[in-house]
Amino acid sequence: MKKALWALPVVAAGVAVARKALPAGRADDRAGDRWLTVTINRSPAEVGSAGKPPAPLDRFGEDIDVRVRPAPGDRGTELAVRLKEPPSALASSAPARLAGEDPRQEVRLALREAKALLEAGEVMLPDSPPTTHATPGGKALGLLARRSGGEGVL
Amino acid sequence: MKALCWEGVNKLSVENVPDPELRNDQDMIVRLVAGTTCGSDLHLIGGYIPAMRAGDVIGHEFIGEVVETGPGVRRHKVGDRVVVCSFVGCGRCWYCANDLWSLCDNTNTNPGIGQALFGYETGGIFGYSHAMGGLRGSHAEYVRVPFADYGAFPVPEGIDDTSALFVSDSVPTGWMGADLAGVKPGDVVAVWGCGAVGQMAARAAMLLGAERVISIDRIPERLAMTEQHVGSETIDYTSTDVAAELRERTGGRGPDVCIEAVGMEAHSDGPMHLYDQAKQQLRLQTDRPTAVRQAIHACRKAGTVFVLGVFAGAVDKFPLGAVINKGLTLRGAQQHGQRYIPMLLERMAAGELKTSHLATHTVSLEEAPKAYDMFKRKTDGCVRAVIRPGA
Ligand SMILES: NC(=O)c1ccc[n+]([C@@H]2O[C@H](COP(=O)([O-])OP(=O)(O)OC[C@H]3O[C@@H](n4cnc5c(N)ncnc54)[C@H](O)[C@@H]3O)[C@@H](O)[C@H]2O)c1
Ligand SMILES: [Zn+2]
Ligand SMILES: [Zn+2]
């Protein structure tokens, strides 16, 4: 009861993911597996190219397709990535997502890091050592903190 | 080192925690000179923003001395006295580049919660729950400052510690409200809340040329302080009908700009308060928007309402009809401090902006839990308690 309202967006995200994991629609046979994209406040030349994606995306090698194009209105460069092998419905199901096992989550994280490296020169790390101690509520929060979104959103 | 930790709803205690460490090249470590209680902390302490974990260090408004710099820090050196913006900005993403620093793309290390709640996450802020990045807060002997070249500012000689401290958060917040609400010469501006944020919003409105500024609260010493140190007119909302009073004081037009500096725990005497409180306690709404409703209702046609008070989630009985039918502009933001801090320090040095009166109490870290209790209940005339971890 107490958590009802706060749980809403998370549940909604979960439902959305489950729905998208159903067999793909007619228009695009990879509709449930769209390109993951970030916009980077840099020129396309600084970001790279389809054949030469920026770090740390380069470590996916041949496993990903990469697209680089200028963002509209002077907003930098859109960098898009998609796994060549679409993840199975099971691998992208809500439980798999919560467990952090959807392979797209790893791609999303790499995209976020590529953006941070290109823009800010480093990936900001959380404070260490931590000052928190384990409580049941805290653990649940820790899980959600990284894995609450849909479709590879962190 | 010692730090003020959140240990559960309404439970603060001073704990021994490991010292913070440099984690990135652009980090530095600051030894705290002074920090202060902020209305935002109350929302965290009371559990209204539920993304806190036991042991989290709170505090986000502070001044200190640089004791260690990472190899990527260019603009600061050990020994510098700096005031640090409460929000962390990388300085180079599109948002930072466009002076929308609290929306930085690269400083929230826990983006998932913000994405689930708001669609997109905010930037990181010190000591402000895991939804806002989970960074350690500043009520401690030391704090790590990421992207130090962008978030820390040297304090000019002539400005004392206590005055400069508030340039970290409450002064730029108030300034931003008046600035982004578009206050201009000739405007009549109404400000809800006579806490530090509301007082600074009122002062900013004056400096931006407002013809009249009217501040609203119920606490007598805060109303008196605002009249004396800020120079605005006041209304005690418990003694009159605020909308009617504002209408008559503005020639029947209503204020051009209404700034809300109260937040999600707003108080009222009316029956709506019981309704809001009950719903909030049952978690059927997360926030109590009393002052926002009143501001929207009182604002003139085609005026602007700016929400500085912090809200975390959903509100009930939101007067959307007034927004559309009166053609209002409704805006809000977490503060973009880096955009304003250098200018604010200059104005302070020139004597245009005064903040030292806000510091009604000064305490040590050990006394901080009691000071927060006093600040929460607004007893002993407390407006802001300054916490000096070195004392
Ligand atoms: N947007 C930002 O970046 C930012 C930054 C700092 C603080 N804040 C927020 O600003 C708000 C104020 O902060 P503060 O430190 O001044 O807090 P504070 O608690 O000292 O002040 C709040 C004031 O509002 C008054 N109040 C309560 N209900 C009212 C009502 N219905 N009408 C008029 N006044 C009412 C209280 O009496 C009190 O004086 C908080 O919500 C805080 O979270 C926002
Ligand atoms: Zn604050
Ligand atoms: Zn940024």
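Every chain is numbered on its own, with residues counted from 1 as its sequence reads. Each chain is given a letter, starting from A, and each ligand a number, starting from 1, according to the order in which they appear as written. Residues qualify for local features only when their pLDDT is at least 70, as the model is predicted, and side-chain atom pairs are given and counted only at 80 or more; totals for whole chains, interfaces and linings, by contrast, use all residues. To get the side-chain values, all heavy atoms of the structure are used, and hydrogens and water are removed first.

### Some remarks on the sheet that holds strand E2 (residues 11–16) of chain B
Residues and elements named next belong to chain B. One open sheet holds the three strands; their spatial order is E2-E1-E4, and the pairing between them is antiparallel. The open sheet has two free edges, formed respectively by E2 and strand E4 (56–57), since each of these has just one partner strand. Being paired, for any two strands, means DSSP has found at least two bridges between them. Every helix listed is a DSSP run of H or I at least four residues long, and every strand listed is a run of E at least two residues long, numbered separately from the N terminus. Strand direction decides the pairing type here: strand E1 (residues 2–8) and E4, joined by two bridges, are antiparallel. Counterpart to Cys5 in the pairing with E4 is Val57. We call two residues in contact whenever any of their non-hydrogen atoms come within 4.5 Å of each other. The convention used is that axes are lines fitted to C-alpha atoms, helices contributing only their stretch in contact, and that angles between N-to-C directions extend from 0 to 180 degrees. Packing against the sheet, helix H14 (residues 368–377) makes contact with E1 and E2, and its axis sits at approximately 160 degrees to E2.

### As for the environment of Gly321 of chain B
For Gly321 of chain B, the position within the fold is in helix H12 (residues 320–325). The spatial distance from the C-alpha of Gly321 of chain B to the C-alpha of Ile296 of chain B is 9.8 Å, given a sequence separation of 25 residues.

### Structural notes on the site of ligand 1
Residue and element names in this part refer to chain B. We call a residue near a molecule or strand as soon as one heavy atom of that residue lies within 4 Å of the molecule or strand. Taken together, 31 residues form the shell around ligand 1, and within it Ser40, Asp217, His267, Gln335 and Lys378 come nearest. Any pair of N or O atoms that falls within 3.5 Å is considered a polar contact. Within protein, one atom must be able to donate a hydrogen and the other to accept it, and sequence-neighbouring residues count only if both atoms are side-chain atoms. Taking Ala196, its main chain carries an N or O atom lying 3.3 Å from an oxygen atom of ligand 1. Within the backbone of Gln335, a nitrogen or oxygen atom sits 2.7 Å from an oxygen atom of ligand 1. In the complex, the protein chains occlude 96% of the 870 Å² of accessible area that ligand 1 would expose alone. For the shell around ligand 1, the secondary structure elements donating two or more residues are helix H1 (39–45), helix H7 (196–207) and strand E12 (212–217). Ranked by residues supplied to the shell around ligand 1, first place goes to H1 with three residues. The residue makeup of the shell around ligand 1, split by class, is 14 nonpolar, eleven polar and six charged. Residue burial considers only the protein chains on display, and all accessible areas are found by Shrake-Rupley using a 1.4 Å probe. In this classification, the charged set is Asp, Glu, Lys and Arg, the nonpolar set is Ala, Val, Leu, Ile, Met, Phe, Trp, Tyr, Cys and Pro, and all remaining amino acids, among them Gly, are polar.

### Notes on empty space enclosed by the protein
All names here are of chain B. Residues are called lining when one of their atoms sits within 4 Å of a cavity or pocket point, these points coming from a 1 Å grid over the protein atoms alone, where a cavity is a set in which a 1.4 Å probe fits but cannot get out and a pocket is an open set with protein on both sides within 12 Å along at least five of seven lines. Grid points are joined across faces, edges and corners, and a volume is the space filled by probe spheres set on the points. Counted under the stated rule, the structure contains one cavity of 30 Å³ or more. Looking at the largest cavity, its volume works out to about 40 Å³. Looking at the largest cavity, the residues that line it are Val84, Cys85, Phe87, Val88, Gly89, Phe126, Val145, Pro146, Phe147 and Gly151. Here the residues of the lining of the largest cavity are counted per class, giving eight nonpolar, two polar and no charged.

### Comments concerning the domain arrangement of chain B
Residue and element names in this part refer to chain B. Per the domain assignment, the segments making up chain B are domain 1 (2–169 + 335–388) and domain 2 (173–332). For the domains described, the bounds stem from an automatic or database domain assignment. A separation of 25 Å is found between the C-alpha centroids of domain 1 and domain 2. Between domain 1 and domain 2, the residue contacts involve 29 residues of the former and 25 residues of the latter. A combined buried area of about 2400 Å² lies between domain 1 and domain 2, and 63% of that area is made up of carbon and sulfur atoms. On inspection of domain 1 and its partner domain 2, the count reaches six residue pairs in polar contact (both at pLDDT 80 or more). Contributing elements (two or more residues each) for the side of domain 1 that touches domain 2: H1 and helix H13 (337–349). Broken down by element, the residue count for the side of domain 1 that touches domain 2 peaks at five residues, all from H13. Considering only residue class, the side of domain 1 that touches domain 2 consists of 13 nonpolar, nine polar and seven charged. Two parts placed together each lose some accessible area; with a 1.4 Å probe, that loss summed over both constitutes the buried area.

### Things to note about the UniProt feature "domain: Alcohol dehydrogenase-like C-terminal" (unreviewed entry) in chain B
UniProt positions are given in the numbering used here, feature names are shortened, and annotations may be inferred rather than shown by experiment. On the UniProt side, "domain: Alcohol dehydrogenase-like C-terminal" (unreviewed entry) is annotated at positions that read residues 196–265 of chain B here. In residues 196–265 of chain B, the share of helix is 44% and the share of strand is 20%. The end C-alpha atoms are 16 Å apart.

### What about the coordination of the zinc ion (ligand 2)?
Residues and elements named next belong to chain B. Note on the zinc ion (ligand 2): its protein donors are Cys38 (SG), His60 (NE2) and Asp169 (OD). The metal-donor distances range over 2.0 to 2.3 Å. Mapped onto the polypeptide sequence, the residues donating to the zinc ion (ligand 2) form the spacing pattern C-x21-H-x108-D. With Cys38 in the loop between strand E3 (28–36) and H1 and His60 in the loop between E4 and strand E5 (62–69), this residue pair connects regions lying 22 residues apart in the sequence. Summarising the burial analysis for this pair, Cys38 and His60 share the class buried. As a rule, N, O and S atoms within 2.8 Å of a metal are its donors, except that Na, K and Ca use 3.2 Å; water is not among the atoms, so sites may look incomplete. Buried means the residue's accessible area, taken with a 1.4 Å probe over protein chains only, is under 20% of the maximum for its type, while exposed means over 50%, and partly exposed covers the values in between.

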